[in-house]
Amino acid sequence: MRQAITPCLWFNDNVDQAAEFYTSVFDDSRILHKMIAHDDWPGGKAGDVILVEFELKGQSYQALGGGPSEPFNDRVSLSVTCKDQAEVDRYWDALTADGGEPIMCGWLKDKFGMRWQIVPEEFYDLVNGDDAEKSRRVMQAMMQMVKLDIAKLKQSYQG
């Protein structure tokens, strides 16, 4: 059964490479289907991959090879909740490799221009606690970081 709502990500002409890259980064991920153009179309030629359906950690996505139009920007990002610092580091390194770039506050842009938030699960526990002052300190610390550091977030929580 298909997922009722599936995010569709618009890429220029590298839809195949993007889906292959993302499924290589995340465990429990796979390519489901590739749609090939049978005729020339406004965004490309017959034989091009137009759409790739894929899963990342069990979540369905579509990658559309729509041709150059609007680049990705910060208005849409994919947020990845990580179990520990090793997972934060692994995703961060993989997604910033080969032309990706760090942004700030746990955000990065990958080599295809897609924005990601790489967030340790523990951050949510720290920032959503009952003690407003501790939560404020965690937010202030996070705002000074590029890649999130769990140990430093915990230190800020403790004061």
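Look up: the structure comes first, before these words.
For clarity, every value in this text was computed on a predicted model and none was experimentally measured.

Cut-off values and rules
Residues numbered from 1 in each chain as written. Predicted model: local features only at pLDDT ≥ 70, side-chain atom pairs only at ≥ 80, totals over all residues. Heavy atoms only, no water. Helix = DSSP H or I, 4+ residues; strand = E, 2+ residues; numbered from the N terminus. Buried < 20%, exposed > 50% of the residue type's maximum accessible area, 1.4 Å probe, protein only. Contact = heavy atoms within 4.5 Å. Areas by Shrake-Rupley, 256 points an atom, 1.4 Å probe, with all protein chains shown as cover. Lys, Arg positive; Asp, Glu negative; His and termini not counted. Charge placed at Lys NZ, Arg CZ, Asp CG, Glu CD. Pairing = 2+ DSSP bridges. Expected span 1.5 Å × (residues − 1). Polar contact = N/O pair within 3.5 Å; in protein donor to acceptor, adjacent residues only side chain to side chain.

**Notes on the overall build of the protein chain**
Item 1. When its secondary structure is counted, the protein chain shows five helices and eight strands.
Item 2. Overall, the protein chain is about 65 × 30 × 25 Å in size when its C-alpha atoms are taken along their principal axes.
Item 3. Of all 159 residues assigned to the protein chain, the portion counted as buried reaches 40%.
Item 4. Here the analysis covers contacts within the protein chain between residues at least 6 apart in sequence; of these, 57% occur between residues at least 24 apart.
Item 5. Total accessible area computed for the protein chain in this model is approximately 9200 Å², and 49% of it derives from carbon and sulfur atoms.
Item 6. Charge-centre separation for the protein chain: the mean point of 17 positive side chains lies 4 Å from the mean point of 26 negative side chains.

**Quick notes on the sheet that holds strand S6 (residues 101-102)**
Item 1. If you trace the four strands from one edge of the open sheet to the other, you get S5-S8-S7-S6, paired in mixed fashion. Taken across any chain shown, the strands that pair with only one partner, and hence form the sheet edges, are strand S5 (77-82) and S6.
Item 2. Taken together, the two bridges between S6 and strand S7 (residues 107-109) define a ladder with antiparallel strand orientation. Note that in S7 the partner of Pro102 across the bridge is Leu108.

**A closer look at helix H4 (residues 132-143)**
Item 1. Relative to the 16 Å expected for twelve residues at 1.5 Å per residue, H4 spans 16 Å between its end C-alpha atoms, a close match to the ideal helical length.
Item 2. Among the structural elements, helix H3 (121-127) and helix H5 (150-158) are those in contact with the buried residues of H4.
Item 3. The N-capping residue of H4, defined by a side-chain oxygen 3.0 Å from the backbone nitrogen of Glu133, is Asp131.

**A word on the pairing of S5**
Item 1. Only one face of S5 is covered, namely the one carrying Leu78, Val80 and Cys82; the face carrying Ser77, Ser79 and Thr81 has none of its residues buried.
Item 2. Here S5 runs beside strand S8 (residues 115-120); their pairing, made up of six bridges, is parallel. Each bridged residue has a counterpart across the sheet, and for Ser77 the counterpart in S8 is Arg115.

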